[in-house]
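Observations on the model geometry
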Amino acid sequence: MRILSIQSSVAYGHVGNSAAVFPLQRLGHEVWPVFTVHFSNHTGYGAWRGPLLDPADVADVITGIEERGVLPGCDAVLSGYQGSPAVAGVIVDAVQRVKAANPAASYTCDPVMGNAKSGCFVNPEIPPIIREKVVPVADILTPNQFELGFITGRDTLGSPAPIEAVLEAADEVRAMGPATILVTSVERADAPADVIEMVAVTGEGAWIVQTPRLPMKANGSGDITAALFTAHLHSTGSPATALSRTVASVYDVLAMTLESGERELRLIDAQEAIAHPQERFEARRLR
């Protein structure tokens with residue numbers, strides 16, 4: 001694959017493009033990273049330095065790529081943390097340019113807004129723009145359960161939630177445009193307390209994967225998940241297989257990070273688990 005990835009970048013650590021690019025390359029894919037910010041480190045530290053890039057500069061980089069005449073060979077666009085409200089328009093425009101050059105290209109949107117523990121941690125102007133302008137042009141959407149609740153306006157998606165509510169919300173989002181919904185950090189009411197789940201929903205069905213819950217918070221895990229799921233879905237055409245392979249790799253990355261005692265994801269240490277995931281977590285069909 002050739003993937004145009006429009007996300008944040010950090011010099012230290014692994015979030016945004018700094019989390020997504022290497023795993024995609026380790027799978028053998030070509031990545032064209034475009035930065036929306038370039039910070040010293042992710043904002044979870046509470047202090048950081050570096051520029052929030054002007055949307056015009058982000059657009060200029062994309063235009064420069066287009067001028068190389070390579071957009072017809074672009075298979076997918078991937079976006080994550082947007083930095084500023086105006087970047088949404090740049091991303092939508094980029095998706096339209098890529099699809100005009102290659103109608104078979106897909107767009108994966110990781111609608112980074114927040115999570116159940118931290119709440120919304122982006123500029124409050126960004127979530128409504130994502131919901132109204134970005135989600136409708138996406139082919140694959142990868143919200144966590146909190147973000148899925150915001151997009152659909154469903155208070156019933158607070159953690160935990162009935163799996164039926166998660167599926168109904170995913171169907172509602174699919175009706176907005178995206179054909180495939182990957183819901184991360186799923187916490188359903190009747191699941192054991194020591195597990196966490198991920199659900200994929202398409203027009204063909206719905207699948208769920210369950211893994212042990214690890215006692216850690218890992219910035220960037222959602223960015224890796226969106227990247228790997230996009231790649232595996234494109235390569236296999238199977239939502240169930242893509243889900244199983246993605247979860248296997250992400251779990252190993254997290255387990256190695258926990259074992260290391262480090263705060264940042266151990267992407268390099270876990271590169272074999274990324275390149276050769278062992279599908280030991282079975283994707284079970286829900287419908």
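So, a few notes on the structure that sits alongside this text. (Residues numbered from 1 in each chain as written. Predicted model: local features only at pLDDT ≥ 70, side-chain atom pairs only at ≥ 80, totals over all residues. Heavy atoms only, no water.)

1. Digging into the pairing of strand S9 (residues 195–202)
- The buried fraction of S9 amounts to 7 of the 8 residues, a majority that puts the element mostly inside the structure.
- Bridge count for S9 against strand S10 (residues 205–212) is 8 bridges, and the pairing is antiparallel. Directly across from Val-195, in S10, lies its bridge partner Pro-212.
- Turn length for the S9-S10 hairpin, with the two strands adjacent in sequence and antiparallel, is 2 residues. (Buried < 20%, exposed > 50% of the residue type's maximum accessible area, 1.4 Å probe, protein only. Helix = DSSP H or I, 4+ residues; strand = E, 2+ residues; numbered from the N terminus. Pairing = 2+ DSSP bridges.)

2. A few points about the pattern of salt bridges
- Taken as a whole and judged by the stated rule, the model has 12 salt bridges.
- Across the salt bridge formed by Asp-93 and Arg-97, the nearest N and O atoms sit 2.8 Å from each other. On the criterion of helical spacing, the pair formed by Asp-93 and Arg-97 is a turn pair, its members being 4 residues apart in helix H3 (residues 87–101).
- Classification of Asp-93 by relative accessible area gives partly exposed; the value is 31%.
- The class for Arg-97 is partly exposed, based on a relative accessible area of 24%.
- Note that Asp-252 and Arg-280 form a salt bridge whose closest N and O atoms lie 2.4 Å from each other. Of this pair, Asp-252 sits in helix H8 (residues 239–260) while Arg-280 sits in the loop between helix H9 (271–275) and strand S11 (284–285); the two residues are 28 residues apart in sequence, bridging distant segments of the chain.
- Judged by its relative accessible area of 18%, Asp-252 falls in the buried class. (Salt bridge = Lys/Arg side-chain N within 4 Å of Asp/Glu carboxyl O.)

3. Here we look at H3
- With 15 residues, H3 extends 21 Å between its outermost C-alpha atoms, agreeing within 8% with the 21 Å of an ideal straight helix rising 1.5 Å per residue.
- Listing the buried residues of H3 in full gives Val-87, Ala-88, Val-90, Ile-91, Val-92, Ala-94, Val-95 and Val-98.
- Buried residues in H3 make contact with strand S1 (2–10), strand S2 (30–39), helix H2 (55–66), strand S3 (76–79), strand S4 (106–109) and helix H4 (126–134). (Expected span 1.5 Å × (residues − 1). Contact = heavy atoms within 4.5 Å.)

4. Quick look at the packing of H2 against H3
- Remark: H2 packs on H3, axes separated minimally by 9 Å, with the N-to-C direction vectors making an angle of 15°. One way to sum up the angle between H2 and H3 is to call them roughly parallel. As H2 runs across H3, the sense of the crossing is right-handed. Judged by residue contacts, Pro-55, Val-58, Ala-59, Ile-62, Thr-63 and Glu-66 of H2 engage Val-87, Val-90, Ala-94 and Arg-97 from H3.
- Among the residues forming the contact of H2 with H3, the class breakdown is 7 nonpolar, 1 polar and 2 charged. (Axes fitted to C-alpha atoms, helices over the stretch in contact; angles between N-to-C directions. Parallel < 35°, antiparallel > 145°, perpendicular 65-115°, else oblique. Left-handed = near helix turned anticlockwise from the far one by under 90°. Nonpolar A, V, L, I, M, F, W, Y, C, P; charged D, E, K, R; others polar.)

5. Considerations on the packing of aromatic side chains
- Under the definition given, this model contains 3 aromatic pairs.
- Ring geometry for Tyr-12 against Tyr-45: centres 6.5 Å apart, planes inclined by 55°, an arrangement best described as tilted. With Tyr-12 in the loop between S1 and helix H1 (17–26) and Tyr-45 in the loop between S2 and H2, this pair connects stretches of sequence that are 33 residues apart.
- With relative accessibility at 31%, the residue Tyr-45 sits in the partly exposed group.
- Ring geometry for Phe-39 and Trp-48: centres 5.9 Å apart, planes at 40°, overall tilted. (Phe/Tyr/Trp six-rings, centres within 6.5 Å; stacked < 30°, edge-to-face > 60°.)

6. So, a negative patch on the surface
- A grouping of Asp-54, Asp-57, Asp-60 and Glu-67 is seen on the molecular surface, where their side chains present a negatively charged patch.
- Counting through the fold element by element, Asp-54 comes out in the loop between S2 and H2.
- Residue Asp-54 is classed as partly exposed on the basis of its relative accessible area, which comes to 41%. (Patch = residues over 30% accessible without salt bridge, like charges linked within 9 Å, V, L, I, M, F, W, Y side chains within 5 Å. Areas by Shrake-Rupley, 256 points an atom, 1.4 Å probe, with all protein chains shown as cover. Lys, Arg positive; Asp, Glu negative; His and termini not counted. Charge placed at Lys NZ, Arg CZ, Asp CG, Glu CD.)

7. Brief notes about the sheet that holds S3
- Pairing is mixed in the open sheet, where 9 strands are placed in the order S2-S1-S3-S4-S7-S8-S9-S10-S11. Two strands lie at the open edges of the sheet, namely S2 and S11, each paired on one side alone.
- Direction of pairing for strand S7 (residues 140–141) relative to strand S8 (residues 180–186): parallel, over a ladder of 2 bridges. Looking at S8, one finds that Ile-140 is bridged to Thr-180.
- Sheet strands in contact with helix H6 (residues 163–174) are S7, S8, S9 and S10, and its direction is about 35° off that of S9.

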